[in-house]
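Close look at the chain arrangement
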Amino acid sequence: MPKETSRRDFLRTAAGAGAVLALISGKSPELFGESTPGEDTATEAEKYGIVMANLPYEEAGLDPWISEKTVRLHYFKHHRGYYSMLRAFIHSHPEYQRQTLEDLIRNYQGKVLLDETIFEVAVLLYNHNWYWPSLSPTGGGTPKGKIGQLITVGYGSYDTFRTAFIEESMKLGVGWVWVVRDGEEVKVYRSDYHDTPLLKGYDPLLAVDVWEHAYYLDYENDRKKYVEAVLDHLLNWTYAEKMLITASSGK
Ligand SMILES: [Fe+2]
């Protein structure tokens, strides 16, 4: 299928031209409303992992560090918007219905035909699926366990790691800061715009969204204060330890 045909079909069947322009410009999907995925492909899509991660705590569970209002807007508008758009695209393009979310992203990198806009939506869905379990009402602080040891080995101390994480978050226009496993190392990785560690061969362990919609209602333009709050009070090191063990065992 020609690339332009694919893009035109999506514009007709999903959220429309305004949606795509808003998405590319980083604006919120709620500005244009949500598309409705086809019910007949719901089960098939879910079977292949085209899902929206559950929110693993109450909507007010991250308060006061991230407000209920921000969580509701971020999860139910932004995240669900990307999910709905991808599902609508897959619904109207059966050739993509038997690929996992990870495969859709990797295949684009491998030059297999996939509309660029849909690739970006797939990355945004994938990254957001990592974000919510990366936070916890009882998280934050110095990690223990194997991941704590590897951070000390790599950075000398947790404080040095914390400084590196904040520095990376402040370099971005929009994007994500991750804790990833790279071979035997655990390190900070910055993914700009629609990048994801999946494309670099790293195993994600934790993700922090630093797009403005993640913090602006609570911190206005003070991104550093938001990232510090996440590091000190929310980052889910228990989850990271589980992901590290899974990655180390070769999945
Ligand atoms: Fe986000």
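Residues numbered from 1 in each chain as written. Predicted model: local features only at pLDDT ≥ 70, side-chain atom pairs only at ≥ 80, totals over all residues.

1. Here we look at the overall build of the protein chain
Definition in use: To qualify as a helix, a DSSP run of H or I must reach at least 4 residues; to qualify as a strand, a run of E must reach at least 2; elements of each kind are numbered from the N terminus. Three exposure classes are used, based on other C-beta atoms lying within 10 Å of a residue's own C-beta, which is placed from the backbone: buried for 20 or more, exposed for 12 or fewer, and partly exposed in between.
Each helix and strand in the protein chain was counted, giving eleven helices and three strands. Moving toward the C terminus, one meets the helices and strands of the protein chain in the order α-α-α-α-α-α-α-α-β-β-β-α-α-α. Taken over 251 residues, the protein chain has a buried fraction of 40%.

2. Concerning the pairing of strand β1 (residues 175-182)
Keep this limit in mind: When DSSP finds two or more bridges between two strands, those strands count as paired.
Across the eight residues of β1, seven count as buried, placing the element largely inside the fold. Across eight bridges, the pairing between β1 and strand β2 (residues 185-192) is antiparallel. In the strand pairing of β2, Trp178 is matched with Tyr189. Taking the residues between adjacent antiparallel strands as the criterion, β1 and β2 are bridged by two residues, where Gly183 takes a positive phi near 65 degrees. Across six bridges, the pairing between β1 and strand β3 (residues 203-209) is antiparallel. Each residue of the ladder has a partner; that of Trp178, found in β3, is Ala207.

3. Let's talk about the sheet that holds β3
Defined as follows: Lines fitted to C-alpha atoms define the axes here, with helix axes fitted over just the stretch in contact, and angles between the N-to-C directions of these axes take values from 0 to 180 degrees. C-beta atoms are placed from the backbone for every residue, and two residues are taken to be in contact when these atoms lie within 7 Å.
Strand order in this open sheet of three strands is β2-β1-β3, and the pairing throughout is antiparallel. Both edges of this open sheet fall to β2 and β3, since each of them pairs with a single strand only. Put simply, the sheet's adjacent strands are angled 25 degrees from each other on average, direction ignored. Seen against the sheet, helix α11 (residues 237-248) touches β1 and β3 and runs at an angle of roughly 150 degrees to β3.

4. Overview of the packing of helix α7 (residues 145-155) against α11
Cut-off, in case you're wondering: Angles below 35 degrees are treated as roughly parallel, those above 145 as roughly antiparallel, those between 65 and 115 as roughly perpendicular, and all remaining angles as oblique. Put simply, Ala, Val, Leu, Ile, Met, Phe, Trp, Tyr, Cys and Pro go in the nonpolar bin, Asp, Glu, Lys and Arg in the charged bin, and everything else, Gly too, in the polar bin.
At a minimum axis distance of 8 Å, the contact between α7 and α11 shows a crossing angle of 90 degrees. Of the possible angle classes, the one that applies to α7 and α11 is roughly perpendicular. Between α7 and α11, the residues in contact are Gly145, Lys146 and Ile147 and Trp237, Ala240, Glu241 and Leu244, respectively. Taken together, the residues of the contact of α7 with α11 sort by class into four nonpolar, one polar and two charged.

5. Looking at the nonpolar core
Spelled out, the test is: The term nonpolar core refers to a group of buried residues, namely Ala, Val, Leu, Ile, Met, Phe, Trp, Tyr and Cys, whose C-beta atoms join them within 7 Å. An automatic or database domain assignment supplies the start and end points of every domain.
Core analysis: the largest hydrophobic core is formed by 40 residues, its most contacted members being Trp178, Val179, Leu205, Val230 and Ala240. Breaking this core down by element, the ones donating at least two residues are α7, α8 (158-171), β1, β2, β3, α10 (223-234) and α11. At six residues, the largest contribution of residues to this core is made by α10. Shared between two domains, this core takes at least three residues from each, and those domains are domain 1 (3-134) and domain 2 (145-248). Beyond its immediate chain neighbours, meaning those up to four positions away, Val230 contacts Leu135, Val208 and Leu235.

6. Quick notes on the environment of Glu168
With respect to the element layout, Glu168 can be found in helix α8. Overall, Glu168 belongs to the buried group, with 20 C-beta atoms counted inside 10 Å. Measuring from C-alpha to C-alpha, the distance between Glu168 and Ser191 comes to 9.5 Å, with 23 residues separating the pair along the chain. Not counting the four nearest positions on each side in its chain, Glu168 is found in contact with Val177, Val188 and Arg190.

7. What to know about α11
Defined as follows: Multiplying 1.5 Å by the residue count of a helix minus one yields the expected span of that helix. Each direction from the helix axis to a C-beta atom contributes to the arc, which is the arc of those directions.
In a regular helix each residue adds 1.5 Å, so twelve residues correspond to 16 Å; α11 covers 16 Å between its end C-alpha atoms and thus fits that length. Every buried residue of α11 is listed here: Trp237, Ala240, Met243 and Leu244. Buried residues of α11 fall within an arc of 115 degrees about the axis and therefore sit on the same side. Packing partners of the buried residues in α11 comprise α7, β1 and β3.

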